[in-house]
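# Notes for the structure review
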Amino acid sequence: MTAEIISGTALRATMLAELHDEVTTIRSRHGCVPGLVTILVGSNPASVSYVSLKIKTANSLGFHEIQDNQPEDITEAELLALIDRYNNDPSIHGILVQLPLPRHIDATKVLYAISPEKDVDGFHPVNLGRLLIGGKAVNFLPCTPAGIQELIVRSGTETSGAEVVVVGRSNIVGKPIAVMMGQKGKGGNATVTLVHTGSRELGAHCRRADILIVAAGVPGLVKPDWIKPGATVIDVGVNRVGFNEETSKPILSGDVDFEAARQVAGKITPVPGGVGPMTITMLMKNTIRSAWLHLRP
Ligand code: NAP
């Protein structure tokens, strides 16, 4: 058996076309243009590159986009005041602060200062609490877990009643996706096991999974004999395992031994080109959702 490849690159293209139509609808029906501000402190090259990708995507969808670059030596108080200004700006529906922040700034304090109504990253404790409650309480799903769920659902994988094993319990991937897969409703209703470095018999847990989601940050952690034949495997890991001198780009690998795993799995995401392209797409989806929510009386 050779697994079907679940392409995040292809799904991103489909979803961006859908989101483009939604922007046209909200603009023509309500005169509302989704507004997103990206705040970048300093000039860390990786952050500059992430931010420019977000801005490019926002522009391609016709958003009102503000790129707010601040100097490395901005004080915490100044940054908090800036966020407060955007919290109160009705043309802005989503506020992003690119991490990491310089050491003299408390990143948690800054992220918690973003209004939960404009927290399109979905990291604010209010939004994580809403995620736990589920159903209509949910405002914004965190972007990477939301992208994982889209990949699973749109690849035609049945989640209801499925055994899902999530490897990794970070606040940005493992914990939220485990909660989402266990919620009642579409794309959920699964039986979820969350494993981590404290788990015994990692392989035995993984072998039970109809859907295996791996977010550990350990290249090649998941071996082919940990995969149930026919399972859907979502590899979230992005690990730099070398450098390609010809392309001047890092060589990336996931947490799953891809070539061997695809001989066993039913469906599998590649790295790169799997979960990665979905994260910014879901950020755009959250911003449009925020614009709709702000139209409510
Ligand atoms: P993280 O905060 O470092 O968390 C890693 C989790 O994996 C921890 O819960 C850790 O367990 C667990 N873990 C590590 N080694 C393990 C092992 N040998 N056996 C079992 N569990 C193990 O990482 P993260 O932020 O969730 O990211 C995980 C990976 O996903 C990284 O490669 C990251 O680059 C990638 N990522 C990709 C995207 C994307 O858009 N594609 C987005 C976010 C992250 P403990 O809690 O016990 O330490």
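Here the residue numbering is sequential within each chain, running from 1 through the sequence in written order. Confidence filtering applies because this is a predicted model: local features only for residues at pLDDT of at least 70, side-chain atom pairs given and counted only at 80 or more, and all residues used for totals across whole chains, interfaces and linings. Excluded from the side-chain calculations are hydrogens and water; all other atoms, namely the structure's heavy atoms, are used.

Labelled according to an unreviewed UniProt entry, the protein chain appears under the name Bifunctional protein FolD, originating from uncultured Desulfovibrio sp.

### Here's the deal with the packing of helix H6 (residues 143-154) against helix H7 (residues 174-182)
The condition is simple: Structural elements are reduced to axes, namely lines fitted to C-alpha atoms, with helices fitted over the stretch in contact, and the angle between N-to-C directions of any two is expressed from 0 to 180 degrees. The numbering of helices and of strands both runs from the N terminus, where a helix is a DSSP run of H or I of at least 4 residues and a strand a run of E of at least 2. Convention used here: angles under 35 degrees read as roughly parallel, angles over 145 as roughly antiparallel, angles from 65 to 115 as roughly perpendicular, and any remaining angle as oblique. Here a crossing is called left-handed whenever its near helix is offset anticlockwise from the far helix by less than a right angle, and right-handed whenever the offset is clockwise. Contacts are assigned to residue pairs with any non-hydrogen atoms lying within 4.5 Å of each other. Side-chain classes follow a simple rule in which Ala, Val, Leu, Ile, Met, Phe, Trp, Tyr, Cys and Pro form the nonpolar group, Asp, Glu, Lys and Arg form the charged group, and the remainder, Gly included, forms the polar group.
Interhelical geometry of H6 versus H7 gives an angle of 45° and a closest axis separation of 9 Å. With respect to H7, the element H6 is oriented oblique. Seen from above, H6 lies across H7 with right-handed handedness. Within the contact between the two elements, H6 uses Pro145, Ala146, Ile148, Gln149 and Ile152 and H7 uses Pro176, Ile177, Met180 and Met181. Considering only residue class, the contact of H6 with H7 consists of 8 nonpolar, 1 polar and no charged.

### Re the domain arrangement of the protein chain
Operational definition: Domain boundaries shown here were taken from an automatic or database domain assignment.
Structurally, the protein chain comprises domain 1 (31-115) and domain 2 (142-278). Relative to domain 2, the C-alpha centre of domain 1 lies at a distance of 29 Å.

### Describing the sheet that holds strand S6 (residues 191-195)
Stated formally: Strands were regarded as paired on the criterion that DSSP finds at least two bridges between them.
Here 6 strands make up an open sheet; going across it, the order is S1-S11-S8-S7-S5-S6 and the pairing parallel. Bordering the open sheet on either side are strand S1 (4-5) and S6, each of which pairs with just one other strand. Two strands pair when backbone bridges link them, and strand S5 (residues 163-167) and S6 are joined in this way by 5 bridges, in the parallel orientation. From the neighbouring strand, glutamate 163 faces S6, where its bridge partner is threonine 191. Relative to the sheet, H7 contacts S5, S6 and strand S7 (211-214), its axis offset from that of S6 by approximately 165°.

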